[in-house]
Amino acid sequence: MTRFITYDRKKMKDCLTKKRHDLLVIGGGITGAGVLLDAASRGLKAALVDMQDFAAGTSSRSTKLIHGGLRYLKQFEFKLVAEVGKERALVYENGPHVTQPEWLLLPIYKGGTLGPLSTRIGLRLYDRLAQVKKTERHRMLNVKATLEKAPLLLKDGLLGAGYYSEYKTDDARLVIEVLKKAVELGAVACNYVKAVGFVHRDGKVIGVKVEDELTNEAYTIYAKKIVNAAGPWVDAIRELDGFREKKRLFLTKGVHLVFDQRRFPLTQAVYFDAQDGRMIFAIPRDGKTYVGTTDTPYGESLRHPETTHEDATYLLKAINHIFPTLRLTEADVESSWAGLRPLVHEAGKNPGEISRKDEIFTSPTGLISIAGGKLTGYRKMSEKIVDIITNQLEKEEGILYQRSKTATLPISGGDVGGAANFRNYVERKTALGVRMGLSAGTATYLAEKYGSNVDLMHRFYQNALNEKTKLAPVLLAELMYAIECEAALKPTDFFVRRTGMLYFDIASVIELKDAVIKFMAEKLNWTEDERRKNETELDAEIGRAKLKDVT
């Protein structure tokens with residue numbers, strides 16, 4: 001595997017500036033990462049920059065599901081459901097270490113928005129549109145079977161449930177693995193490089209002025225084609241280009257709350273109606289249960305959306321209604337996250353009614369911008385954008401490029417012999433890890449998380465055994481791997497987007513943060529000011545996750 005390192009900022013600048021790229025992508029979320037991979041896999045010289053860490057925006061703050069959008073059937077978005085439904089299986093097949101099947105329970109209540117007949121028809125249509133495998137097609141459950149799977153559910157008025165299959169994912173790690181594969185294929189990607197302006201010639205955009213957020217150095221990157229995949233910042237980037245069409249983004253905020261399973265002992269994922277009709281997920285993960293999401297208009301800080309007490313109250317009310325014996329309060333919330341949806345504005349529609357379809361805008365300068373869309377559909381979105389680019393290059397330069405191959409291209413860590421072989425692969429690598437001295441549980445954890453990159457992780461583990469630090473060897477190996485192979489430059493990169501610990505093990509983050517900061521400071525040669533800044537940034541993230549100092 002090619003090591004994905006961005007801490008050598010001079011080397012990164014040279015890679016970005018010493019040649020004119022075929023394509024430059026602004027934005028390192030899942031859409032930008034997907035565009036970079038699709039382009040690199042077709043042979044384009046492609047580069048990507050993001051002003052924050054990769055996946056620091058929307059792409060690490062989703063519901064962490066690769067799902068076909070069952071609720072969009074209510075809006076008659078049949079084409080959207082069909083397209084993203086089919087994409088689910090591809091995302092799983094190409095990266096089974098970051099995406100796994102997850103069965104969802106859809107309880108049906110007397111007087112609810114879904115009745116038994118409409119649920120059966122909806123799930124049958126969903127199976128057909130999404131081309132669901134025979135073994136994963138829906139089933140209808142009676143009351144007894146429903147309560148056997150989720151005994152905490154409200155019993156009054158329960159009529160049964162639909163039971164159907166989706167996929168769960170680690171959204172941030174999905175982005176990282178896609179980027180790593182693109183870099184392996186020759187692309188360049190650098191975090192903490194902010195686009196601050198454009199260079200034009202004869203009315204066309206030919207370059208991007210950037211500033212390194214870590215060194216404050218300014219320089220220009222030149223490219224034949226430039227894609228704006230900046231998520232919530234798409235409009236801001238378009239303004240830098242001096243143009244804005246009538247269509248613009250409409251941002252909504254989605255919030256999730258995390259509980260320890262000792263307080264919310266859920267073992268079956270549930271998709272349920274809130275009392276106002278909004279559909280909400282409750283999903284077990286790593287000894288926790290997380291619940292979301294909300295969908296409210298947003299116009300505040302794009303970098304740091306927060307979970308407010310109003311958001312928490314809404315979700316707690318919904319949880320306590322459908323799981324009445326829990327009686328959860330805000331004091332039970334261990335962690336939380338808030339993310340923004342960059343939807344395409346549609347006049348007169350409420351947030352939940354706005355389409356999740358992606359739209360591509362091309363300005364008179366040639367800047368290509370992408371907005372809307374869903375995590376699940378990232379690969380198809382990316383294919384559409386690169387098709388546009390290669391068609392333009394064919395007309396302008398007579399260069400013929402291959403068609404997209406990402407439908408069958410494993411992402412980094414995904415070379416495990418296919419999704420059907422993943423369990424066998426994990427068993428083999430678990431046995432190897434045990435022979436190295438790891439416990440069976442730890443060896444399985446590493447194989448499941450890192451997939452075909454686990455052998456490299458094992459080497460980092462061996463190196464970690466010789467380090468003098470308060471960190472356990474496995475966690476230190478993950479930290480070393482994150483720095484040397486996954487472009488982690490800050491403690492927040494590691495705790496939020498390389499491990500997810502801030503959301504699902506926040507107590508350990510608080511316990512280990514000093515040791516992690518100390519190791520990173522030594523490894524990355526931080527000044528004392530840089531160390532303090534990174535510590536302050538991490539403390540602020542912890543505060544936001546724990547609902548401190550929010551209104």
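Shown above is the structure to which this text applies.
The present account deals with the structure reproduced in this document.

Time to look at the pattern of salt bridges. Counted under the stated rule, the structure contains 46 salt bridges. The salt bridge involving Lys64 is made with Asp171; its shortest N-O contact spans 2.9 Å. Of this pair, Lys64 sits in the loop between strand S2 (46-50) and strand S3 (65-66) while Asp171 is found in helix H6 (residues 171-184), placing the two residues 107 residues apart along the sequence. Like Lys64, the residue Asp171 is buried in the burial classification. Across the salt bridge formed by Lys224 and Glu397, the nearest N and O atoms sit 3.0 Å from each other. Of the two residues, Lys224 sits in strand S10 (residues 218-228) while Glu397 sits in helix H9 (residues 378-397), which places them 173 residues apart along the sequence. The exposure class assigned to Glu397 is partly exposed, which follows from its relative accessible area of 36%.

Next up on the list: the nonpolar core. Grouped burial of nonpolar side chains is what soluble globular proteins tend to show. Counting 66 residues, the largest nonpolar core has Leu471, Leu479, Phe495 and Leu502 as the members making the most contacts within it. No other element matches helix H13 (residues 473-485), which puts 10 residues into this core. Beyond its immediate sequence surroundings of up to four residues, Leu502 is in contact with Ser335, Phe495, Val496, Val509, Glu541, Ile542 and Ala545. Ranked by size, the runner-up nonpolar core spans 45 residues in total, among them Val91, Ile370, Leu375 and Ala487.

A word on the packing of helix H14 (residues 491-498) against helix H16 (residues 506-523). The geometry of H14 relative to H16 is characterised by a closest axis approach of 9 Å and an angle of 130° between their N-to-C directions. When the axes of H14 and H16 are compared, the pair comes out oblique. Counted together, Pro491, Phe494 and Phe495 of H14 and Val509, Leu512, Lys513, Val516, Ile517 and Met520 of H16 form the full contact between these two elements. Residues belonging to the contact of H14 with H16 are distributed by class as follows: eight nonpolar, no polar and one charged.

This next bit is on the pairing of strand S7 (residues 188-191). It is a general feature of regular strands that their side chains alternate between the two faces of the sheet. The alternating pattern of S7 places Val188 and Cys190 on one face and Ala189 and Asn191 on the opposite face, and all of these are buried. Sheet topology places S2 next to S7; four bridges connect them, and they run parallel. Directly across from Asp50, in S7, lies its bridge partner Asn191.

Along the chain, Glu166 falls in strand S6 (residues 158-169). Residue class for Glu166 comes out buried when judged on its relative accessible area of 1%. Among the polar contacts made by the side chain of Glu166, one reaches the side chain of Tyr126 at a distance of 2.4 Å.

Let us now look at the state of the cysteines. Note: disulfide means a covalent bond formed between the sulfur atoms of two cysteine side chains. Summed over the entire model, instances satisfying the criterion amount to zero disulfides. Cysteine Cys190 remains unbridged, with the sulfur of Cys15 as its closest cysteine sulfur at 8.9 Å. Overall, the relative accessible area of 1% leaves Cys190 in the buried class.

Each value, and the rule that gives it
Residues numbered from 1 in each chain as written. Predicted model: local features only at pLDDT ≥ 70, side-chain atom pairs only at ≥ 80, totals over all residues. Heavy atoms only, no water. Salt bridge = Lys/Arg side-chain N within 4 Å of Asp/Glu carboxyl O. Helix = DSSP H or I, 4+ residues; strand = E, 2+ residues; numbered from the N terminus. Buried < 20%, exposed > 50% of the residue type's maximum accessible area, 1.4 Å probe, protein only. Core = buried A, V, L, I, M, F, W, Y, C linked by side-chain atoms within 4.5 Å. Contact = heavy atoms within 4.5 Å. Axes fitted to C-alpha atoms, helices over the stretch in contact; angles between N-to-C directions. Parallel < 35°, antiparallel > 145°, perpendicular 65-115°, else oblique. Nonpolar A, V, L, I, M, F, W, Y, C, P; charged D, E, K, R; others polar. Pairing = 2+ DSSP bridges. Polar contact = N/O pair within 3.5 Å; in protein donor to acceptor, adjacent residues only side chain to side chain. Disulfide = S-S within 2.5 Å.

Keep in mind these numbers describe shape, not what the thing actually does.
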